[in-house]
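A structural walkthrough
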Protein chains: 2
Amino acid sequence: MSFPFRKMSGIVNIPILEISQEEFRKVMTERREPLVLRGSDLGSCTRTWSPEKLSERLNPRQVRVHVGQEQDLDFRTKNFKYCDIDIKELVKRAQNKTNEEFFIDKSEIYYLRSISGDSRNLQVSNLDQDFPEISSDFKIPDLFPPDQMFSSVLRISSGGVRIWTHYDVTDNVYCQITGRKSAVLWPPSQANNMYLQGDKSMVADIDSPGSEFPLFPVSNRWEAELEPGDILFIPSLWFHNMKAHDFGVAVNVFWKELESKFYDPKDYYGNKELVPGAKSLTMLDNIIKQLTLLPPQYADFYARRCVEKLEKKCYLKD
Amino acid sequence: MSFPFRKMSGIVNIPILEISQEEFRKVMTERREPLVLRGSDLGSCTRTWSPEKLSERLNPRQVRVHVGQEQDLDFRTKNFKYCDIDIKELVKRAQNKTNEEFFIDKSEIYYLRSISGDSRNLQVSNLDQDFPEISSDFKIPDLFPPDQMFSSVLRISSGGVRIWTHYDVTDNVYCQITGRKSAVLWPPSQANNMYLQGDKSMVADIDSPGSEFPLFPVSNRWEAELEPGDILFIPSLWFHNMKAHDFGVAVNVFWKELESKFYDPKDYYGNKELVPGAKSLTMLDNIIKQLTLLPPQYADFYARRCVEKLEKKCYLKD
């Protein structure tokens, strides 16, 4: 088997490696492509975070969750609400297909992406600070220099939840503790075909994007089926779309690959553009302002000149 | 016949119209595509600018000419020299295949693109000022508002001379007074395939560009064979390449289609970028500086984001 294995359809099977964290780290750093580490030690959480035990051990507290009527959450149509719920109640409800108590309707689905602080005082998520009563159950994989760690995020989802395609500016490992998930990823070089709005793709249905999104790469993508205990490496800027098959808990650990000066210091979610990227996009707005002073044919011409220069100076040569 | 006529090869025959200047002006303005006006009145020059008569009537003066050993002048390899010669002598030598008096060798070729002033005091070329003794022989076509006129340039070339592909930021009409020429043009939308260095294409051989220039549009181009008396409309930003079949004299008249604020006031040749275009290309250099602070994969990603935005906001929708 070649590494990684690309099917006739164009879909790449993300390699699943059963090796040590040390060996994995080496492959990860060299390849900078998605990889799954299977059979690694994530701590006692893989045994003790069953819904019942987790619910028992968590201290009661209000958390903010996405509550949706449809399984595919869509930020464009906003087919979900943000609601506050006690975390014990969340774990209870998220296991069930239907619930007698609900916000919207009986079969609503739940998704927690833990945040720290409140809307007036946002902080970077950190499992130790946010859920100290369970954080020692999870062993942060030894896959990056600890001083480069950015955040650790607890994720709880109902079966069926799919999160929209997006990218993060930091590297991350998605540690699937319980439950199974499908992960679909695309390389950063697909940026122009993703129909981005900020860090999110506007394409809700990644299998049949529809005529609005003719360039969306339906088959040119990387896939993995995650099982409990799996660690998925998502390199920075890789687009990813996660679909939960059943109730599951995950911890997502983010770290800064680059010097910290490149990251926006006010970035709490790890999704603000890198400083030089943000500056570039702002300067580009000024270019567009200049060019649109000209009649369309002239604007087109100079835009093409700019594009040619960008391609020549900044695109990776394959 | 459709208008214009595109051959199976992809080559477009530039329409040749035998209509009045008034009618031509209308078609020209509406289409903004290359067109030839044939049989129009250019003044007595079409009768009186034979080599003998022209030489007689011109006052002696030193002019600066391109002198080449090869017929295809190439700004990259600099296969020509700039030399000063009396204009009467130029007209004499340029008619001949070989000359006993020469700068480089017997079969050298000559090309005059008249300039005004000297290198320390450049001025915009103007036939009236530069060659008052013959300027009234040439009637400026009534194809644009006179107050938008930019320059009028006398061109004299030996048979065989080919001038490198380039574009001008002003509209122009190429008035072929004597001699025949092949004109090859490409639309501004080909900018990314022309391998530009400033306003010039680096591709010397437009028929077999070579492996260095894989995207150069060999067949997707517009062509016309110019005869004495023909007026070729070259819209601003259209790339053009002119090849003289025999000794010939032309007057090239340039004018500003847009408000004059868009043109660089220090532009003597009509080849400096339009002000918003120049600003954009300078800002783009700053973007490239920012992006190349990042590792190549990150630079590639943000360059693609910029390209997507430029394409979306500034490219003409077909």
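Since the structure is predicted, the reported quantities are computational estimates derived from the model, not experimental observations. (Residues numbered from 1 in each chain as written. Chains lettered and ligands numbered in written order. Predicted model: local features only at pLDDT ≥ 70, side-chain atom pairs only at ≥ 80, totals over all residues. Heavy atoms only, no water.)

**Notes on the packing of helix α7 (residues 275–291) of chain A against helix α8 (residues 296–314) of chain B**
Inclusion rule: Think of each axis as a best-fit line through the C-alpha atoms, taken over the contacting stretch in the case of a helix, with angles from 0 to 180 degrees between the N-to-C directions. Only DSSP runs of H or I covering at least 4 residues are called helices, and only runs of E covering at least 2 are called strands; the numbering of each starts at the N terminus. Oblique is the label for any angle not covered by the other classes, which are roughly parallel (under 35 degrees), roughly antiparallel (over 145) and roughly perpendicular (65 to 115). Here is the rule for handedness: rotate from the far helix to the near one, and if that takes an anticlockwise turn smaller than a right angle the crossing is left-handed, while a clockwise turn gives right-handed. Any pair of residues with heavy atoms lying within 4.5 Å of one another is described as a contacting pair. Side-chain classes are defined by residue name, with Ala, Val, Leu, Ile, Met, Phe, Trp, Tyr, Cys and Pro counting as nonpolar, Asp, Glu, Lys and Arg as charged, and the others, Gly among them, as polar.
Contact geometry for α7(A) and α8(B): axes closest at 10 Å, N-to-C directions at 20°. By the angle between their directions, the pair α7(A) and α8(B) is classed as roughly parallel. Handedness of the crossing formed by α7(A) with α8(B): right-handed. Together, G277(A), S280(A), L281(A), L284(A), D285(A), I287(A), I288(A) and L291(A) of α7(A) and Y302(B), R305(B), C306(B), K309(B), L310(B), K313(B) and C314(B) of α8(B) make up the contact between the two elements. Residue composition of the contact of α7(A) with α8(B), by class: nine nonpolar, two polar and four charged.

**A few points about the sheet that holds strand β10 (residues 171–178) of chain A**
Hydrogen bonds along the backbone pair up the strands of a sheet, which may run parallel or antiparallel. Residue and element names in this part refer to chain A. Spelled out, the test is: In this scheme, strands are said to pair when DSSP sees at least two bridges between them.
Judged by pairing direction, the sheet is mixed, and its nine strands sit side by side in the order β3-β4-β15-β10-β17-β8-β7-β5-β6 without closing on themselves. The strands lining the two open edges of the sheet, one partner per strand, are β3 (16–17) and β6 (80–86). Inspection of the sheet shows strand β5 (residues 62–68) paired to strand β7 (residues 109–113) by three bridges, in the antiparallel sense. Paired with V67 across the bridge in β7 is Y110. Against the sheet, helix α1 (residues 21–31) engages β3, β4 (35–37), β15 (231–234) and β17 (248–255), with an angle of about 175° to β4. Sheet contacts for helix α4 (residues 87–95): β5, β6, β7 and β8 (149–157); angle to β6, the most-contacted strand, approximately 120°.

**Considerations on the relation of the copies chain B and chain A**
Rules: In this comparison the copies share one frame, found by least squares on the C-alpha atoms of residues holding pLDDT of at least 70 in both.
Superposition record for chain B on chain A: RMSD 0.1 Å, screw rotation 180°, translation along axis 0.0 Å. The symmetry that links the two subunits is that of a two-fold axis. Rotation axis and chain B: the residue whose C-alpha lies nearest the axis is V307(B), separated from it by 2.8 Å. In this assembly, 100% of the residues forming the interface of chain B have copies in chain A that are likewise at the interface, indicating an isologous arrangement.

**Considering the interface of chain B and chain A**
As a reminder, the rule being used: The term buried area refers to how much accessible surface (probe radius 1.4 Å) is lost by two components on association, counted for both of them together. Every case where a carboxyl oxygen of Asp or Glu lies within 4 Å of a side-chain nitrogen of Lys or Arg is listed as a salt bridge. As used in this structure description, the phrase polar contact means that two N or O atoms lie within 3.5 Å; if the pair is within protein, one of them must be able to donate a hydrogen and the other to accept it, and residues adjacent in sequence are counted only when both atoms belong to side chains.
In this assembly, 54 residues from chain B lie in contact with 54 residues from chain A. Interface area for chain B against chain A, summed over the two sides, is near 5500 Å², with a carbon-plus-sulfur share of 70%. Considering only the side of chain B, the residues that lose the most area to chain A are Y298(B), Y302(B) and R304(B), jointly responsible for 12% of the buried surface there. Here chain B is connected to chain A by four salt bridges. Residue K309(B) is joined to D285(A) by a salt bridge in which the shortest nitrogen-to-oxygen separation is 3.0 Å. Our enumeration of links across chain B and chain A arrives at 22 residue pairs in polar contact (both at pLDDT 80 or more). Those elements that provide at least two residues to the side of chain B that touches chain A are α7 (275–291) and α8 of chain B. Of the residues forming the side of chain B that touches chain A, the biggest block, 17 residues, is contributed by α8(B).

**Side note on the side chain of D74(A)**
All names here are of chain A. Among the structural elements, D74 can be located in the loop between β5 and β6. Among the polar contacts listed, one links the side chain of D74 to the backbone nitrogen of R76, at a separation of 2.8 Å. Ignoring any residue separated from it by four or fewer positions in sequence, one finds D74 in contact with N79, F80, W164 and A204.

**Things to note about unusual backbone geometry**
Residues and elements named next belong to chain A. Positioned with a positive phi, R32 is a non-glycine residue whose angle comes to about 50°. Take R32: it is sitting in the loop between α1 and β4. Even without being a glycine, K78 presents a positive backbone phi close to 50°. If you trace the backbone, K78 turns up in the loop between β5 and β6.

**Some words on the domain arrangement of chain A**
Rules: Each domain's extent was defined by an automatic or database domain assignment.
For chain A, the domain assignment lists domain 1 (6–262) and domain 2 (275–314). The distance between the C-alpha centroids of domain 1 of chain A and domain 2 of chain A comes to 35 Å.

**So, the packing of aromatic side chains**
Residues and elements named next belong to chain B. We apply this condition: Aromatic pairs are defined between Phe, Tyr and Trp rings, using the six-membered ring for Trp, whenever the two ring centres lie within 6.5 Å; interplanar angles under 30 degrees are classed as stacked, those over 60 as edge-to-face, and all others as tilted.
In the structure shown here, the tally under the stated rule is 24 aromatic pairs over all chains. Here F144 and W255 contribute two aromatic rings whose centre-to-centre distance is 4.4 Å and whose plane-to-plane angle is 5°, an arrangement assigned as stacked. With F144 in the loop between α6 (132–135) and β8 (149–157) and W255 in strand β17 (residues 248–255), this pair connects stretches of sequence that are 111 residues apart. Each ring, one from Y167 and one from F239, has its centre 5.6 Å from the other, and the planes form 85°; the classification is edge-to-face.

**Notes on the pattern of salt bridges**
Residues and elements named next belong to chain B. Note the threshold: Remark: exposure states derive from per-residue accessible area (1.4 Å probe, protein chains only) relative to the maximum for the residue type, with buried under 20%, exposed over 50%, and partly exposed in between.
As enumerated under the stated definition, the model contains 48 salt bridges over all chains in all. Note that D84 and R64 form a salt bridge whose closest N and O atoms lie 3.0 Å from each other. Within this pair, whereas D84 is found in strand β6 (residues 80–86), its partner R64 is found in strand β5 (residues 62–68), the two being separated by 20 residues in sequence. Owing to a relative accessible area of 38%, D84 belongs among the partly exposed residues under this scheme. R64 sits in the partly exposed class, given a relative accessible area of 44%.

**So, the packing of helix α8 (residues 296–314) of chain A against α8(B)**
Relative orientation of the contacting elements α8(A) and α8(B) amounts to 170°, with a least axis distance of 10 Å. By the criterion of interaxial angle, the relationship of α8(A) to α8(B) is roughly antiparallel. Along its contact with α8(A), which presents P296(A), A299(A), D300(A), A303(A), C306(A), V307(A), L310(A) and C314(A), the element α8(B) presents P296(B), A299(B), D300(B), A303(B), C306(B), V307(B), L310(B) and C314(B). When grouped by side-chain class, the residues that make up the contact of α8(A) with α8(B) number 14 nonpolar, no polar and two charged.

**Overview of α7(B)**
Three- or four-residue spacings in an α-helix give side chains the same orientation, since the helix completes a turn every 3.6 residues. Residue and element names in this part refer to chain B. What counts, and what does not: The span one expects for a helix is its residue count, reduced by one, times 1.5 Å. Here the arc refers to the directions that run from the helix axis out to each C-beta atom.
Taking 1.5 Å per residue as the helical rise, α7 with its 17 residues ought to reach 24 Å, and the 24 Å between its terminal C-alpha atoms agrees with that figure. Buried within α7 we find P276, G277, S280, L281, M283, L284, I287, I288, Q290 and L291. Buried residues of α7, viewed axially, fall in a sector of 170°; they line one side.

**Focus on the confidence of the model for chain A**
As a reminder, the rule being used: Confidence scores labelled pLDDT are given residue by residue by the predictor and lie between 0 and 100.
Looking at chain A as a whole, its pLDDT mean stands at 94, while 98% of the residues score no less than 70. Overall fold confidence for the complex sits at a pTM of 0.90, while the interface term, ipTM, reaches 0.93.

**Considering the sheet that holds β17(B)**
All names here are of chain B. The strand order across the open sheet formed by nine strands is β3-β4-β15-β10-β17-β8-β7-β5-β6, and the pairing between neighbours is mixed. Two strands bound the open sheet, and with one partner strand each, they are β3 (16–17) and β6. As paired strands, β8 and β17 are joined by eight bridges and run antiparallel to one another. When the bridges of β17 are listed, V153 appears paired with N252. Contacts between helix α1 (residues 21–31) and the sheet are confined to β3, β4 (35–37), β15 (231–234) and β17, with β4 contributing the most and set at about 175° to the helix. The strands touched by helix α4 (residues 87–94) within the sheet are β5, β6, β7 (109–113) and β8, with β6 carrying the most contacts at an inclination of about 120°.

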